[in-house]
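# Tertiary structure, described
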Amino acid sequence: MVDAIELIHQDHLNLDKVLSVLLEVGGNLPEKKSTSKLTVLRDALYYIEVFPERFHHPKEESILFPFVRKHRPDLGQILDELHQQHEDGSKVIGALAARLKDLENDWTSNRVAFESELQAYIEAQRQHMSLEEREILKPIKQSLSRIDIKSINSAYGVSVDPLFGDNLSTGFNALLNRITRLGERESVTNKST
Ligand SMILES: [Fe+2]
Ligand SMILES: [Fe+2]
């Protein structure tokens, strides 16, 4: 049986890696149009659309949040806040995908706006995940009985992640390489500091 809390936590770690690549590539774009950067940005935004937006957040909405509402009604207000963040995040990711097309068509006019919208999105997603970790996952892990945890585990099931799952979708090869290289660089930096 899956460990639902661990699964959600792992999804967060994975999404954070994709956000790091987005920030590295799209947070400070060169003045001259870069096709290779556009490709990475397109792949990373597409991943967010097809996995976190299609599976991770909806499963929190349909399984995790009702479960927490039932067992920990005191956390209702935070769940409302998180629900609103899911709604907002979906709108922003759609707008960013459109903005990326604008960037592709006219790099100079859209570069700065894209950078700042992307940075705001990354920041909001990171805050969202840390709110879930701190205010939902941690408290329920500590306060629920084994039977309660078992019931959410059996309801959760697994989702097939096309980037971090067992079967990498071919379109995500380059993105995964980028994530691996960034991870290696960060681990070298952390060791030398
Ligand atoms: Fe969420
Ligand atoms: Fe989440």
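Just so you know, the residues in each chain are numbered from 1, in the order the chain's sequence is written. All chains are assigned letters beginning at A, and all ligands numbers beginning at 1, according to the order in which they are written. With the structure being a predicted model, the display of local features is reserved for residues of pLDDT at least 70 and the display and counting of side-chain atom pairs for 80 or more, all residues being used for whole-chain, interface and lining totals.

### Some details on the overall build of the chain
Quick note on the threshold: Only DSSP runs of H or I reaching four residues or more are called helices, and only runs of E reaching two or more are called strands; each is numbered from the N terminus. Atoms counted for the radius of gyration: C-alpha only. Globule rule: 2.2 Å times the number of residues to the power 0.38. Buried means a residue has 20 or more other C-beta atoms within 10 Å of its own C-beta, exposed means 12 or fewer, and partly exposed covers the counts in between; C-beta atoms are placed from the backbone. C-beta atoms are placed from the backbone for every residue, and two residues are taken to be in contact when these atoms lie within 7 Å.
Secondary structure assignment for the chain yields seven helices and zero strands. When its helices and strands are written in sequence order, the chain yields α-α-α-α-α-α-α. Against the globule reference of 16 Å for 193 residues, the chain gives a C-alpha radius of gyration of 18 Å, in line with a compact fold. Taking all 193 residues of the chain together, the buried fraction comes to 24%. Within the chain, contacts between residues separated by at least 24 positions form 77% of all contacts whose residues are at least 6 apart in sequence.

### Details of the nonpolar core
Operational definition: In this description, a nonpolar core means buried residues of the types Ala, Val, Leu, Ile, Met, Phe, Trp, Tyr and Cys, linked to one another by C-beta atoms lying within 7 Å.
One finds V18, L22, A44 and Y47 to be the most contacted residues of the largest nonpolar core, which totals 20 residues. Mapped by element, the contributors of at least two residues to this core are α1 (4-26), α2 (35-50), α4 (76-105) and α5 (107-143). Excluding anything up to four places from it in sequence, A44 contacts V18, V21, L22 and L175. Judged by nonpolar contacts, the second largest core, of 13 residues, contains A4, F67, I140 and I152.

### Structural notes on the packing of α2 against helix α7 (residues 173-192)
Cut-off, in case you're wondering: To obtain each axis, a line is fitted to C-alpha atoms, and for helices this fit is confined to the stretch in contact; angles are then taken between N-to-C directions over 0 to 180 degrees. An angle below 35 degrees is read as roughly parallel, one above 145 as roughly antiparallel, one from 65 to 115 as roughly perpendicular, and any other as oblique. Following the grouping adopted for this structure description, the nonpolar residues are Ala, Val, Leu, Ile, Met, Phe, Trp, Tyr, Cys and Pro, the charged ones are Asp, Glu, Lys and Arg, and the polar ones are all others, Gly among them.
Close contact between α2 and α7 brings their axes to 9 Å; oriented N to C, the two are set at 100°. One way to sum up the angle between α2 and α7 is to call them roughly perpendicular. In contact with T39, V40, D43, A44 and Y47 of α2, α7 contributes A174, L175 and R178. Its residues assigned to classes, the contact of α2 with α7 shows five nonpolar, one polar and two charged.

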